[in-house]
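# Examining the three-dimensional arrangement
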Amino acid sequence: MSHTIKRGVFPGSFDPFTKGHESVVRKAIELFDEIIIGVGINTSKQYLFDTDKRIAHIASLFEDNPRISVQSYTGLTVKFCQEVEAQYLIRGLRDSKDFGYERSIAQMNLEISDIESLFFMTVPEYAAINSTIVREIYKSGGEIHKFVTNPDLLV
């Protein structure tokens, strides 16, 4: 009897990768053989943190777990999932507003690719963390270590 590797992709721009994102990966790895954190690169988007530094930062958080890796990609997320032979998309939810938005995307992704999306609730203490707000705090000279593990690796 052959065992198919259960592989999930956790996609995002992760500008930056917050403690909320980190908690989703730590929850999800309990259900998967492998998780690939996919750092999506949109060439028409301006990022605050350098792509290579974002990838290195995320990789440092999971260096103790060989079942979690980080890769960048461009184009459709479901195409990336197909390239890395992932059967699932992993998404984090903070609230019902996130669910409404993510549900529509999940249904479209399933329709075009047969890749199922699995949703994980963010732990309550991180539910208010939002990358956009974290970027604003950082740009204004504020401390972000409460929201991002090892933020010094990003600069």
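Owing to the predicted nature of the structure, the values given are computational and were not obtained by experimental measurement.

Rules of the game
- Residues numbered from 1 in each chain as written.
- Predicted model: local features only at pLDDT ≥ 70, side-chain atom pairs only at ≥ 80, totals over all residues.
- Heavy atoms only, no water.
- Pairing = 2+ DSSP bridges.
- Helix = DSSP H or I, 4+ residues; strand = E, 2+ residues; numbered from the N terminus.
- Axes fitted to C-alpha atoms, helices over the stretch in contact; angles between N-to-C directions.
- Core = buried A, V, L, I, M, F, W, Y, C linked by side-chain atoms within 4.5 Å.
- Buried < 20%, exposed > 50% of the residue type's maximum accessible area, 1.4 Å probe, protein only.
- Contact = heavy atoms within 4.5 Å.

Read across the sheet, five strands follow the order β3-β2-β1-β4-β5 without closing on themselves; strand pairing throughout is parallel. A single partner strand is all that each edge strand has here, and the edge strands are β3 (68–73) and β5 (116–121). Going across the sheet, the axis of each strand differs from the next one's by a mean of 30°, ignoring polarity. Pairing between strand β1 (residues 7–12) and strand β2 (residues 34–40): six bridges, direction parallel. Within β2, the position partnered with Gly12 by the bridge is Val39.

If you look at the biggest cluster of nonpolar residues, it comprises 19 residues, and the most contacted ones within it are Phe17, Ile35 and Ile37. Residue assignment for this core shows that the elements contributing at least two residues are α1 (19–28), β2, α2 (51–61) and β3. If sequence neighbours within four positions are ignored, Phe17 has contacts with Phe10, Glu22, Val25, Ile37, His57, Ile58, Leu61, Phe62 and Val148. Val9, Val78, Cys81 and Val84 belong to the second largest nonpolar core, which has 10 residues in total.

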